[in-house]
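Next come the chains, spelled out residue by residue.
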Amino acid sequence: MRAWARAASTPLRLGLALAAAVTIGTPARAQGARSNDRVVVLQLHNGLNAIDLLGDGHRGQVVVNRRENFNAHGYSAAMFQLLAFTDPADTTSAVAWQLVPFFGPDHPADGSELFRTTQGADCVLSDLRMFRRARGRPVEIVVAHRAFGSSYADSAAVRFEFYALRRNDEGTPGAPPYYFQHTRTVRARRRYCDVNDAFAGELAMGRQGLR
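Draft legend 1. Representation of the pattern of salt bridges. Going through the model one piece at a time under the given rule, you end up with eight salt bridges. Residue R207 is joined to D194 by a salt bridge in which the shortest nitrogen-to-oxygen separation is 3.8 Å. With R207 in the segment after helix 2 (195–203) and D194 in the loop between strand 16 (178–187) and helix 2, this residue pair connects regions lying 13 residues apart in the sequence. Members of the salt-bridge network, linked through shared partners, are D106, R159 and E161.

Listed below in structure tokens is the structure:
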């Protein structure tokens, strides 16, 4: 399996793209995460976000939904999809909408088909950002997780998990045609209650997460 995809990424909600250019912050640089790169953070909103995940004209989308529980622990969930060949190495194969799951240490062996936030009344304990380094580069994901600590309102250690978009050119059994693969972990310098404060303070990626 190898890294793949050009990310001419245009996040949309009913056709309107929103993006912000930032420079990844110093914790990433300190841990060898090439933080001098200028990146564009792509804002994902509730509903359908149309994104050219592959950068080659194939349709892609991120569907963001909200679940409320009539308590302080509602959450948002995101599902990543693309319309592409069922066999990436065979341009004569069928074209279908396909899930792009997550693989890594925080996921089951067969991957996670959804990402969901973790939220309390006071703070968000997990959220994500989608970004690209430059036009023509792959879309990437960074997920922030905060340790629970003593409570949802506690300040605790935060880690950032980075994922790269890849495709299964070799047709490895059990692996999907397209997926996000975990690549590295970066630990925040400070403790935070809300991971969106960590995104803003540590990676300069703003406080806006999944809506």
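The structure having been displayed, the exposition proceeds.
Draft legend 2. Focus on the nonpolar core. In terms of nonpolar packing, the biggest core is built from 25 residues, with F80, M130 and I141 touching the most fellow members. Contributing elements (two or more residues each) for this core: strand 5 (38–42), strand 7 (60–67), strand 8 (75–85), strand 13 (124–132), strand 14 (139–146), strand 15 (158–167) and strand 16. By residue number, the principal contributor to this core is strand 8, which donates four residues. Apart from the residues within four sequence positions on either side, I141 is in contact with F80, F102, L128, R129, M130, F131, E161, F162, Y163 and F180. In this structure, V41, A144, F162 and Y192 belong to the second largest nonpolar core, which totals 17 residues.

Draft legend 3. Structural view of empty space enclosed by the protein. Under the criterion given, the structure shown has one cavity of 30 Å³ or more. Its volume calculated, the largest cavity comes out at about 50 Å³. Residue lining of the largest cavity: V41, L42, Q43, L44, L128, R129, M130, Q208, G209 and L210, and that is the complete set. Breaking the lining of the largest cavity down by element, the ones donating at least two residues are strand 5 and strand 13.

Draft legend 4. Representation of the pairing of strand 14. Buried residues dominate strand 14, accounting for seven of its eight residues. The sheet contact formed by strand 13 and strand 14 spans seven bridges and is antiparallel. From the neighbouring strand, D127 faces strand 14, where its bridge partner is A144. In this structure, the hairpin formed by strand 13 and strand 14 is closed by a connection of six residues, where G136 is found at a positive phi of approximately 90 degrees. With seven bridges joining them, strand 14 and strand 15 adopt antiparallel strand pairing. Note that in strand 15 the partner of V143 across the bridge is E161.

Calculation notes
Residues numbered from 1 in each chain as written. Predicted model: local features only at pLDDT ≥ 70, side-chain atom pairs only at ≥ 80, totals over all residues. Heavy atoms only, no water. Salt bridge = Lys/Arg side-chain N within 4 Å of Asp/Glu carboxyl O. Helix = DSSP H or I, 4+ residues; strand = E, 2+ residues; numbered from the N terminus. Core = buried A, V, L, I, M, F, W, Y, C linked by side-chain atoms within 4.5 Å. Buried < 20%, exposed > 50% of the residue type's maximum accessible area, 1.4 Å probe, protein only. Contact = heavy atoms within 4.5 Å. 1 Å grid on protein atoms, 1.4 Å probe; cavity = no way out; pocket = protein on both sides within 12 Å on 5 of 7 lines; lining within 4 Å. Points joined across faces, edges and corners; volume = space filled by probe spheres on them. Pairing = 2+ DSSP bridges.

In short, shape yes, function no, at least from these values alone.
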